[in-house]
Amino acid sequence: MESSASTVAVSPRPHVMLVASPGTGHLIPMTELARRLVAHHSLTATLVTFTDQSAPNAHSAVLSSLSATQVSAVALPAVALDDLLSDAHIGTSVPISIPHLRALLRDITSAAPLAVLVPDFFGSTLLPLAAELGVPAYIFSPSNLSVLALMRNAVELNDGAASGEYRDLPDVLRLPGGVLLRREDYTDNFKNSKEPIYAHVIEEGRRYRAADGFLVNSFHEMEPGSVEEFKQAVEQGTFPPVYPVGPLIRPCSDEDDASACLDWLDRQLTGSVVYVSFGSAGALSVEQTAELAAGLEGSGHRFLWVMRMPSLDGENSAMSTTHSNDKDDPLAWLPEGFLERTSGRGGVGAAGAVLSHPATAAFLSHCGWNSTLESVASGVPMVAWPLYAEQSTNAAPALLSENVALRLRATRADGLIAREEIAAAVREVMGGEEKGRTVRRRAGELQRACVPGGSSWQMLEEVAGKWKAAALGRQKR
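Just so it is clear, the structure is predicted and the values come from calculations on it, not from any experiment. (Residues numbered from 1 in each chain as written. Predicted model: local features only at pLDDT ≥ 70, side-chain atom pairs only at ≥ 80, totals over all residues. Heavy atoms only, no water.)

## Examining helix 11 (residues 286-299)
Counted only if it meets this: Secondary structure follows DSSP: runs of H or I at least 4 residues long count as helices, runs of E at least 2 residues long count as strands, and numbering of each begins at the N terminus. A helix is expected to reach a length of 1.5 Å times the quantity of its residues less one. Only protein chains enter the accessibility calculation, which uses a 1.4 Å probe; a residue is then buried when its area is under 20% of its type maximum, exposed when over 50%, and partly exposed in between. Contact between two residues is taken to exist if any of their heavy atoms lie within 4.5 Å; hydrogens are not considered.
With 14 residues, helix 11 should cover 20 Å at 1.5 Å per step; its first-to-last C-alpha distance of 20 Å lies within 8% of that length. Three or more residues of helix 11 are buried, namely Gln288, Thr289, Glu291, Leu292, Ala293, Ala294, Gly295, Leu296 and Ser299. Elements in contact with the buried residues of helix 11: strand 10 (273-277), strand 12 (302-305), helix 12 (338-341), strand 15 (360-365) and helix 16 (419-431). Just downstream of helix 11 lies Gly300, where phi reads positive at about 80°.

## What about the pairing of strand 6 (residues 172-175)?
Operational definition: Being paired, for any two strands, means DSSP has found at least two bridges between them.
Of the two faces of strand 6, only one is covered, namely that formed by Leu173 and Leu175; the face formed by Val172 and Arg174 stays uncovered. Two strands pair when backbone bridges link them, and strand 6 and strand 7 (residues 179-182) are joined in this way by four bridges, in the antiparallel orientation. By the bridge assignment for strand 7, Arg174 is matched with Leu180. From the end of strand 6 to the start of strand 7, which pair antiparallel, there are three residues, and Gly177 there has a positive phi angle of about 80°.

## Observations regarding the side chain of Asn217
Looking at where Asn217 falls in the secondary structure, it is placed in the loop between strand 8 (213-216) and helix 9 (224-235). When residues no more than four places from it in sequence are discounted, the contact partners of Asn217 are Pro29, Phe140, Ser141, Pro142, Ser143, Gly246, Pro247, Leu248, Trp369, Asn370 and Leu373.

## Let's talk about the layout of surface pockets
Just so we agree on the cut-off: Grid spacing is 1 Å over the protein atoms alone, the probe is 1.4 Å, and a cavity is where that probe fits but cannot get out, while a pocket is an open set with protein on both sides within 12 Å along at least five of seven lines and lining residues have an atom within 4 Å of a point. Grid points are joined across faces, edges and corners, and a volume is the space filled by probe spheres set on the points.
Computed from the structure, the second largest pocket encloses a volume of approximately 530 Å³. Along the wall of the second largest pocket there are 24 residues; nearest its centre are Glu184, Asn316, Pro386, Leu387 and Ser392.

## Observations concerning the environment of Asp171
Tracing the backbone shows Asp171 in the loop between helix 7 (145-157) and strand 6. According to the relative accessible area criterion, Asp171 is exposed, its value standing at 53%. When the C-alpha positions of Asp171 and Arg182 are compared, they lie 5.7 Å apart, and in sequence the two are 11 residues distant. In this view, Asp171 contacts Leu181, Arg182, Arg183 and Tyr186; residues no more than four positions away in its chain are not counted.

## Some points on the packing of helix 7 against helix 9
Let me state the cut-off plainly: Helix axes are fitted only over the stretch in contact, all axes being lines through C-alpha atoms; the angle between N-to-C directions runs from 0 to 180 degrees. With respect to orientation, any angle under 35 degrees is reported as roughly parallel, any angle over 145 as roughly antiparallel, any angle of 65 to 115 as roughly perpendicular, and every other angle as oblique. Crossing handedness is defined as follows: a turn of the near helix away from the far one that is anticlockwise and smaller than a right angle gives a left-handed crossing, while the clockwise case is right-handed. Polar here means any residue other than Ala, Val, Leu, Ile, Met, Phe, Trp, Tyr, Cys and Pro, which are nonpolar, and Asp, Glu, Lys and Arg, which are charged; Gly is therefore polar.
Following both chains from N to C, one finds helix 7 and helix 9 inclined at 40°, their axes separated by 10 Å at the closest point. Here helix 7 is positioned oblique relative to helix 9, judged by the angle of their axes. In the packing of helix 7 onto helix 9, the handedness of the crossing is left-handed. Together, Leu145, Ser146, Leu148, Ala149 and Arg152 of helix 7 and Ser226, Val227, Glu229, Phe230 and Ala233 of helix 9 make up the contact between the two elements. Looking at the contact of helix 7 with helix 9 residue by residue, the classes come out as six nonpolar, two polar and two charged.

## Some details on the pattern of salt bridges
Selection rule: For salt bridges, the criterion is a side-chain nitrogen of Lys or Arg within 4 Å of an Asp or Glu carboxyl oxygen.
In the structure shown here, the tally under the stated rule is 22 salt bridges. By sharing partners, the salt bridges in this structure join Arg182, Glu184, Asp185, Arg407 and Arg409 into a single network.

## Focus on the packing of aromatic side chains
The cut-off we apply is this: Side-chain rings of Phe, Tyr and Trp (the six-membered ring for Trp) are treated as a pair once their centres are within 6.5 Å; stacked means planes under 30 degrees apart, edge-to-face means over 60, and tilted covers the remaining angles. In this analysis the charged atom, NZ for Lys or CZ for Arg, is taken to sit over a ring once it is within 6 Å of the ring centre and within 35 degrees of the ring normal.
Under the criterion given, the structure shown has 11 aromatic pairs. Ring centres 5.2 Å apart and planes at 80° place the aromatic pair Tyr208 and Phe214 in the edge-to-face group. Across this residue pair, the class does not change: Tyr208 and Phe214 are buried. Judged by centre distance (6.3 Å) and plane angle (90°), the ring pair of Trp305 and Phe338 falls under edge-to-face. Taken together, the positions of Trp305 in strand 12 and Phe338 in helix 12 put the pair 33 residues apart, joining distant regions of the chain. Judged by its relative accessible area of 2%, Trp305 is buried. The rings of Tyr208, Phe214, Phe230 and Phe239 are connected pair by pair, giving a single aromatic cluster. Geometry around Trp457 places Arg36 over its ring, the cationic atom sitting 4.4 Å from the centre.

## A look at the sheet that holds strand 17 (residues 405-407)
Strand order in the open sheet formed by six strands is 14-12-10-15-16-17, and the pairing between neighbours is parallel. Two strands bound the open sheet, and with one partner strand each, they are strand 14 (346-348) and strand 17. Averaged over all pairs of adjacent strands, the angle between their axes in this sheet comes to 15°, without regard to strand direction. Where strand 15 lies against strand 16 (residues 382-384), three bridges are found, and the strand directions are parallel. Each residue of the ladder has a partner; that of Phe363, found in strand 16, is Met382. Against the sheet, helix 11 engages strand 10, strand 12 and strand 15, with an angle of about 150° to strand 12.

## Brief notes about helix 18 (residues 455-476)
Using the following cut-off: Here the arc refers to the set of directions running from the helix axis out to each C-beta atom.
Taking 1.5 Å per residue as the helical rise, helix 18 with its 22 residues ought to reach 32 Å, and the 32 Å between its terminal C-alpha atoms agrees with that figure. Every buried residue belonging to helix 18 is among Ser456, Trp457, Leu460, Val463, Ala464, Trp467 and Ala471, and all of these are buried. Projected down its long axis, helix 18 shows its buried positions confined to an angular sector of 135°, all on one face. Exposed residues lying more than 90 degrees from the buried face of helix 18 are Gln458, Ala469 and Lys476.

Here it is, written out as structure tokens:
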């Protein structure tokens, strides 16, 4: 009797489409989310991006990290960030691109069942497109639960209010878990109800309520009070389910231009170096740069400072501020003799995988959320020095300052943080017996909590399971 081989048709894996608005800070965690969904949850994924004209090289570098994965990347036409920001609404790029996205989604669904549409937090205008296609839509927040709670408070405060009648948030706001935010800690979006950006975020936040859920780049142990508060909101039907699935951070890599700094770290004792960085866009004023240099020198500790050109308008802010044209070497702005006096215990230059290096003991940081999570994942306590955007919200007391960081604030009449305060904070985080001991212990606890298999991994497993079951159910109809 002749036997015949039969083939079993293998159904294509359900597909996730993620849409990242312009900005490398948004793209990094979304790239890692896409990678994780494919590698660990039997899904396929397409990451839709917009070319970031403010940092095209960084944008390309992030996407190139996907080349060895099964994540597809699609770049839509370039968006001029300056134009969007002058309109106070970076999310303007998303509705402009809806026809492109609709066509792309149609192509995907012809080959595999679409499980979910995941725009980031500037992409709420895509929610009707998901409904049109009959698939769930989950919004991805690259920031933390405190920022999301701030948004929720502003929206609920203005329920029923028309544009032009919006109310200001109170001067002091208590968020879940005892987080106290002062007006100075609010992101610029929420400081003044009369500004156009305030109206935009209220409109965005109102659309959030139509989402099927939120994926947030945080984890339960980092913000336990906020996690519980959002669970209650879900039970009351006032907000979609929230899933903390972080930390989603880029894998460590040793960039070529950072090799000298890493070589320097290799020669230092374990746990002996303070890493100082204000991110890719952070700039201190000339005067504050001098105070920081003096504070690091006076602390007596070893340090690695990723120094950038100071701003010349007297403000600590993003690098879009005025910079010198004739002194393009940031080292030229250091106090006279600083490099000589700190030779051997201080390094100034570029940096690669510094936070994960054994020599790194503490991080003096601007509190960008990506940097914060990298520090936490490496078990490194912080000295918090927020500059702009949501960084002050990230550094809110219960979230960071009583958790895994010491907080620096300007106390001088001229608005500068004094060298003495900088030196004292560095000494405390490195070896202090009171607050320093607490943040060092807490940093270790949080590092252990965010390992594979932890609460956020279980949370992503839960939500991915829902997506796959629903997608296969729709396919059988």
